[in-house]
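Here's the letter readout for the chains.
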Amino acid sequence: MPLRHRLASTNQKLGFVFAQRYRVLEFISETSLSQCYWVEDIQTFDINAQASRALLIVVNPSLAQLENFSLTLARVLPQFSTTLPAVLDSAFTVESTWYVLSISEGYTLEQQIKSLGRHGLSVPDTLKNAETILATVRKTPLQNCYGYLEAGSILKSSENQLLFLNTPLAVTLKLLTSSQQTKSKLSLNSSFISPEVAMGNKPIESDDTFSFAALIYYMLNGHLPFVLDNSIEAAIKKATPATVIKLPQHRWQALARGLAYKRDQRHPNPEGLLFDLNTAQPPKPNLLQRYGLVLGSLSLLLIAYGAFSWWRSIPAISQPSGSTLDASQLEALKQAAQQQAIQQEQAYAEATQKLKDIQQQQAQAEQRLAQLLEQQQQLSQPTIPPLQAQPTKQQTSTANNEREQRLLELESQQKQAEETLKQLETQEQQAAAKRQLEQDQQREQAAKLAALQVEQQRQKEAEEAKRLAELARQQALAKEEAEAARQREFEKQQAAAEEAKRLAQLAEQERLELLRQQEAEETNRLAQVAEQQALAKQQAELAAAQLVEQKRLELLQKQQAETKRLEEEAKKQAERQQAELVAQAAEAQRIANLQKQQVELARQQALQKQQAIAAEQQRRELELVQPAEIKPSANKNQKHEQPQQHEVSERQQSQAQLTNQQQPIITSTKKATPVEILAIKPSPYPPQLIVNPNNPAELIWDNPKLFGSVPSKLQATGNRICQESGLSIAMGYHSKALDENAKAIDDGGYLCK
């Protein structure tokens, strides 16, 4: 199966090997350009003698259909063999195009954001990540405009270094788009790539602005800016991304500008977008705007209060709690309320007119203040006289004095205008306080009147409730009568239906009883047939089991006979070996004793020789000192020593004869019986534990020759097992040994001694 089909198959589990080298371990991400997987290079091993990990990039098949794409990518990939990440291997086939990068650990930006869920990253962390991504883009071969940035292709390695997985593909597409080979032939499904680049146009810096804005939106909100739509679909629908709550309005406007569908509406480059997001400040209203906002707010408050007063305000009437009102009193209240409403309308009209006058005066004062400020700026600028007329110092001084005097006048007028504004504000505040007091009084009166109206309304509601209760009681009686008649009719119909149902149940019971009888007869017949078949099957199985048991007994008897014969041979061989060992030990002891005697004889001879030499030296010294006097004694000593020397020489000759008589025993070449040695490798046929014919309570191996030697790493384990069984050491081992039930022993069997 081709590689892309095996990767795309939902039934195919990861772990298969392709190219006879790479084992696919885990899916990482999918972008509009490729799919990313963790793989294991089974031909390359790390320092721990384990297969090294790498990252597989499988190119989108739609890209391979572009003209000259494979040829261009084949020329581009060798340029990345020494960069980071380096391209280790690649292949271009009809089924798939892929390359392998030398990355062993890491996670993508998409995996990081998905793990955070809908919360996303904080604003400082997002902007920091964006700056790091931009710095990494500037280090790639596509320095000015990358064009194909996506969250699934940005990987953070274990060394906290950002790596772009699709850089070779981006370089290839940029080369093709420069020659207009992909225009109107390419359509990329991505929410991070700008609509122009996704449709095959050559990327420019403003396209990177779109990609960065989409990445920032994704990191902040935890989801794509256009949800399920790619950039092309969103541009056609003119979809508007949801507002990022984490950003204030002025920063959100900067991010929304970066997500514009047209290039000329975005920032010219990503740096401009990041600058606006980092330094954008909310617009500050000027003096006139502040006054306008204050006056507008006051106007709205007055209009709202006037409307409320016109609808709800009526004069206060002191009324004892719990008393009732007659028609004349209600009429008087209505007239008083109408008069109060007229007065309120007049007061509201006067307040509105007064507010308009104050606003007009304030506007005139502000206009005057603006004119004064403009004149002050004009006068503060130095004037350059024409070259034709050169003023004198006196004229210059006079002009300066006049300008200063004019500035002083303007400053005084400005102060007066500011004081006028302050007075207007004070008057406006006083008027607002007065209106607030009047509003409080009117609210108090309205509350009292509302209480009276509530009491009156409650009385009306009580009377209406009584009337409705009586009407409901009459309707309930009529309904009960109709319900009783309906119930009687229903009972008649129900009795008839129950009778019909009872008859139907009786008929159904008779039919079911007949069916049960038929089923019981069929079941008995089938049971008899099944019992006969089971009995025949049991008889056949019993005969087969008896035959198998008979064969097993015959085989067991043969094994027991063979085991007995082998045991007798082993016993005889052990006896021979024991006798040989005893003889060898006696011979070795005799040789050791003889050697000790020879050593002792040599030591005595050396001692005698030393004594003779010492005596000779002493004799010569005496002869030199007293040659005449001691000569006879020397002869006497010489005569005395001669028997001793003769005795020593005789003892040496006898010892030599004894040595010559024992020498043929040492050089004997008699051979001992060879000891049987197990093979190094065990037999392919496993040995089995059987019952010892001589001791039914004991288990023995049926054929010890099938064992091999014990591996060195299992010798200690085998010795421990043998010692637990009452023996000494393990002599043989077989990994497929069988127990007395002909089942394989888990850790193998040992031959003990």
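Residues numbered from 1 in each chain as written. Predicted model: local features only at pLDDT ≥ 70, side-chain atom pairs only at ≥ 80, totals over all residues. Heavy atoms only, no water.

## Some words on the overall build of the chain
A tally of regular secondary structure across the chain gives 16 helices and 13 strands. Looking at the chain as a whole, 29% of its 753 residues qualify as buried. Residue pairs at least 24 apart in sequence account for 64% of intrachain contacts in the chain once pairs closer than 6 positions are excluded. Looking at the chain as shown, the accessible area adds up to about 50200 Å², and 54% of this sits on carbon and sulfur atoms. (Helix = DSSP H or I, 4+ residues; strand = E, 2+ residues; numbered from the N terminus. Buried < 20%, exposed > 50% of the residue type's maximum accessible area, 1.4 Å probe, protein only. Contact = heavy atoms within 4.5 Å. Areas by Shrake-Rupley, 256 points an atom, 1.4 Å probe, with all protein chains shown as cover.)

## A look at the pairing of strand S5 (residues 87–92)
If a strand is regular, its side chains alternate between the two faces of the sheet. By the bridge criterion, five bridges tie S5 to strand S6 (residues 97–101) in an arrangement that is antiparallel. Each residue of the ladder has a partner; that of aspartate 89, found in S6, is valine 100. (Pairing = 2+ DSSP bridges.)

## Side note on helix H6 (residues 167–178)
Look at H6: 16 Å from first C-alpha to last across 12 residues, which is about the 16 Å you get at 1.5 Å a residue. The element H6 is extensively covered by neighbouring structure, given that 10 of its 12 residues are classed as buried. Considered for burial, the residues of H6 that qualify are Thr167, Pro168, Leu169, Ala170, Val171, Thr172, Leu173, Lys174, Leu176 and Thr177. Buried-residue contacts for H6 involve strand S3 (34–45), strand S4 (51–59), helix H2 (61–64), helix H3 (69–76), S6 and strand S9 (162–164). (Expected span 1.5 Å × (residues − 1).)

## Describing helix H10 (residues 249–258)
The set of residues buried in H10 consists of His250, Trp252, Ala254, Leu255 and Gly258. Along its buried surface, H10 packs onto helix H8 (205–221) and helix H11 (270–279).

## Considering the packing of helix H5 (residues 123–139) against H8
Two elements in contact, H5 and H8, have axes whose closest approach is 10 Å; the angle formed by their N-to-C orientations is 145°. As H5 runs across H8, the sense of the crossing is right-handed. Of H8, the residues touching H5 (which contributes Val123, Thr126, Asn129, Ala130, Ile133, Leu134, Val137 and Arg138) are Glu205, Phe212, Ile216, Met219 and Leu220. Its residues placed into classes, the contact of H5 with H8 shows nine nonpolar, two polar and two charged. (Axes fitted to C-alpha atoms, helices over the stretch in contact; angles between N-to-C directions. Left-handed = near helix turned anticlockwise from the far one by under 90°. Nonpolar A, V, L, I, M, F, W, Y, C, P; charged D, E, K, R; others polar.)

## Looking at the pairing of S6
Counting buried residues in S6 gives five out of five residues, a clear majority hidden from the surface. Every second residue of S6 is oriented toward a common face, with Thr97, Tyr99 and Leu101 on one face and Trp98 and Val100 on the other, all of them buried. The antiparallel hairpin formed by S5 and S6 contains four residues in its connecting segment.

## Comments concerning the packing of H8 against H10
The description of two helices packed together rests on the angle between their axes and the distance between the axes. The interhelical angle for the contact between H8 and H10, taken along N-to-C directions, is 130°, at an axis separation of 8 Å. The angle between H8 and H10 places the two elements in the oblique class. Here H8 contributes Thr209, Phe210, Ala213, Ile216 and Tyr217 to the contact with H10, which in turn contributes Trp252, Leu255 and Gly258. Residue composition of the contact of H8 with H10, by class: six nonpolar, two polar and no charged. (Parallel < 35°, antiparallel > 145°, perpendicular 65-115°, else oblique.)

## Overview of the confidence of the model for the chain
With 76% of its residues at a pLDDT of 70 or more, the chain has an overall mean of 78. Element-level pLDDT for the chain is lowest in helix H15 (residues 631–666), with a mean of 44, against a maximum mean of 94 in H8. Across residues 314–325, where pLDDT falls below 50, the model places 24 contacts with residues more than four positions away in sequence or in other chains. Counted against residues more than four places away or in other chains, residues 381–390, with its pLDDT under 50, gives one contact. (pLDDT = per-residue confidence, 0-100.)

## A short note on the packing of aromatic side chains
How two aromatic rings sit relative to each other is set out by the distance from centre to centre and by the angle between their planes. Tallying each qualifying case throughout the model produces 11 aromatic pairs. Aromatic side chains phenylalanine 192 and tyrosine 218 sit 5.6 Å apart centroid to centroid with 80° between the ring planes, which places their arrangement in the edge-to-face category. Of this pair, phenylalanine 192 sits in the loop between H6 and helix H7 (195–198) while tyrosine 218 sits in helix H8, and the two are 26 residues apart along the sequence. Feature note: the residues Phe18, Tyr22 and Trp98 constitute an aromatic cluster, connected by ring pairs. (Phe/Tyr/Trp six-rings, centres within 6.5 Å; stacked < 30°, edge-to-face > 60°.)

## Details of the pattern of salt bridges
Close approach of charged atoms allows side chains of opposite charge to pair. Following the criterion strictly, the structure yields 23 salt bridges and no others. Among the ionic pairs, glutamate 464 bridges to arginine 467, the shortest N-O distance being 2.1 Å. With glutamate 464 and arginine 467 both in helix H14 (residues 393–625) and three residues apart, the pair spans about one turn of that helix. When its relative accessible area of 45% is taken as the criterion, arginine 467 is described as partly exposed. Among the salt bridges present, the one from arginine 565 reaches glutamate 569, with a minimum N-O distance of 2.6 Å. With arginine 565 and glutamate 569 both in helix H14 and four residues apart, the pair spans about one turn of that helix. Put simply, Glu196, Asp207, Arg263 and Arg266 are held in one network by salt bridges that share partners. (Salt bridge = Lys/Arg side-chain N within 4 Å of Asp/Glu carboxyl O.)

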